[in-house]
Each structure stands twice: as structure tokens, then as C-alpha cells.
Amino acid sequence: MTIEEVQNEIIEEFAMFEDWEERYQYMIDLGKDLPLIEEKYKTDDNIIKGCQSKVWVHANMQDDKINFTADSDAIITKGIIAILIRAFSNQHPKDILEANTDFIDKIGLKEHLSPTRANGLVSMIKQLKLYAIAYQTQLN
């Protein structure tokens, strides 16, 4: 699936819920299915700066596609990074760099986060794109 197809799937899933309490619960459930980072990668180098909670992200490239793993010490944050990883993992670096993140607004996530969590969301997206830049540079 392309990034846009995955994002549209996420939008459709969030539209099934009637209120934000249900959406938060869904995000928590998504966090439980997060591709977990190996303990050896839970280092300060892999912590996303700008997040209120601790969020670790690791990336590796296989067959010209980036695979992300992550973890967080907070359940909502774990759900947020799970959504982002679902959208951007197993994709070519160039596609990640060119992808927009409008789906975040379409599911209403940013407006339902505290200011510090919203800043953390931006930091998470930025970090995933930085990994994509690094891997795209290796491909060039």
C-alpha cells in the first residue's frame, strides 16, 4: 500500500467512532500493537526530542524501504507513534519525504491533544522524516 492509501485507511477507521473517548481508546489499542523497538535501541540517541513523554524510534532500511520500530512510556503517545509508523513504515525514503501529513488533521488528532502532546506529534513526524533524509542520502 502507498502512504496515501494507508493514511486514507486510518481516516476511515477514525471516522467509525462517535466521540473522542472512543478514538483515544482506539489509539491506546493501536499502541499495544506497535512494532516494538529492541531494548538495545532504547538509548538517548533514539529518544525524540520535544516530546513530553519518552518516545524512542529506530529505523532500518531493507530492500530500499524504511522499517520503523518504537516505544513510549505513555499509552497515548504510544498510540500516536503507532499511527505514524503505520503510515510511514515499509515505505521508500523518497515517498516518506514527499508525503503530506494532512491525515492527522482529518482525523482531528492535533486539535484533541494538549499543546505539549501536539508539539510532540510534530517532533515525531520530523524525526521520521529525518530518518528518511538520511536513508535517501545513502541511496543517492
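Criteria and thresholds
Each chain carries its own residue numbering, running from 1 in the written order of its sequence. Two thresholds apply to this predicted model, a pLDDT of at least 70 for residue-level local features and 80 or more for giving and counting side-chain atom pairs, whereas whole-chain, interface and lining totals are computed over all residues. Side-chain metrics rest on all non-hydrogen atoms present in the structure, leaving aside hydrogens and water. Each patch is assembled from residues with relative accessible area greater than 30% and no salt bridge, linking like charges that lie within 9 Å and nonpolar side chains (Val, Leu, Ile, Met, Phe, Trp, Tyr) that lie within 5 Å. Using a 1.4 Å probe, accessible areas were evaluated by the Shrake-Rupley method; residue-level cover was limited to the displayed protein chains. Between Lys or Arg on one side and Asp or Glu on the other, a salt bridge is scored when a side-chain nitrogen of the former is within 4 Å of a carboxyl oxygen of the latter. Residues scored as charged are limited to Lys and Arg (positive) and Asp and Glu (negative), so that His and the chain ends carry no count. Here the site of a charge means atom NZ of a Lys, CZ of an Arg, CG of an Asp or CD of a Glu. In this text, helices come from DSSP runs of H or I with a minimum length of four residues, and strands from runs of E with a minimum of two, each type numbered from the N-terminal end. Three exposure classes are used, based on accessible area relative to the maximum for each residue type with a 1.4 Å probe and protein chains only: buried under 20%, partly exposed in between, and exposed over 50%. We call Phe, Tyr and Trp rings a pair once their centres come within 6.5 Å, taking the six-membered ring for Trp, and we label the pair stacked below 30 degrees between planes, edge-to-face above 60, and tilted otherwise. Between any two strands, pairing holds if DSSP finds at least two bridges. The contact criterion used is simple: two residues touch if any of their non-hydrogen atoms lie within 4.5 Å. We define a polar contact as two N or O atoms separated by no more than 3.5 Å, with the added condition that, inside protein, one atom must be a possible hydrogen donor and the other a possible acceptor, whereas residues neighbouring each other in sequence contribute only through side-chain atom pairs.

1. Focus on a negative patch on the surface
Inference 1: A cluster of acidic residues, E18, D19, E21 and E22, forms a negative patch at the surface.
Inference 2: Here E22 is to be found in helix α2 (residues 20-32).
Inference 3: The exposure class assigned to E22 is partly exposed, which follows from its relative accessible area of 36%.

2. Quick look at the packing of aromatic side chains
Inference 1: As enumerated under the stated definition, the model contains five aromatic pairs in all.
Inference 2: Their ring planes at 65 degrees and their centres at 6.1 Å tell us that F68 and Y131 sit as a pair that is edge-to-face. One end of the pair, F68, is in strand β2 (residues 65-72); the other, Y131, is in helix α6 (residues 115-139), and 63 residues separate them in sequence.
Inference 3: Overall, F68 belongs to the buried group, its relative accessible area being 2%.

3. Structural notes on the environment of Q25
Inference 1: Relative to the elements of secondary structure, Q25 occurs in helix α2.
Inference 2: Given a relative accessible area of 40%, Q25 falls into the partly exposed group.
Inference 3: Expressed as a C-alpha distance, the spacing of Q25 and G79, which sit 54 residues apart in the sequence, is 9.1 Å.

4. Describing the pairing of β2
Inference 1: Sheet topology places strand β1 (residues 55-62) next to β2; eight bridges connect them, and they run antiparallel. Along β2, the bridge assignment pairs M61 with I66.
Inference 2: Connecting β1 to the antiparallel partner β2 that follows it, the hairpin turn spans two residues, and D63 within it adopts a positive phi of roughly 55 degrees.

5. With respect to the side chain of T77
Inference 1: Note that T77 resides in helix α3 (residues 75-88).
Inference 2: Exposure remark for T77: the relative accessible area of 4% places this residue in the buried category.
Inference 3: When near neighbours in sequence (up to four residues on either side) are disregarded, T77 contacts S53, V55, S72, R117 and M124.

6. Focus: unusual backbone geometry
Inference 1: The backbone of D63 sits at a positive phi, close to 55 degrees, despite the residue not being glycine.
Inference 2: Summarising the element assignment, D63 is placed in the loop between β1 and β2.
Inference 3: Although it is not a glycine, N90 sits at a positive phi angle of roughly 60 degrees.
Inference 4: Within the secondary structure layout, N90 lies in the loop between α3 and α4 (93-98).

7. A short note on the environment of Q91
Inference 1: Here Q91 is to be found in the loop between α3 and α4.
Inference 2: Residue Q91 is classed as buried on the basis of its relative accessible area of 7%.
Inference 3: Residues Q91 and T2 lie 89 residues apart in sequence; the distance between their C-alpha atoms is 7.6 Å.
Inference 4: Among all residues touching Q91, those that are not within four sequence positions of it are M1, T2, I3, D64, K65, I66 and I96.
Inference 5: Of the polar contacts made by the side chain of Q91, one reaches the backbone oxygen of M1; its length is 2.9 Å.

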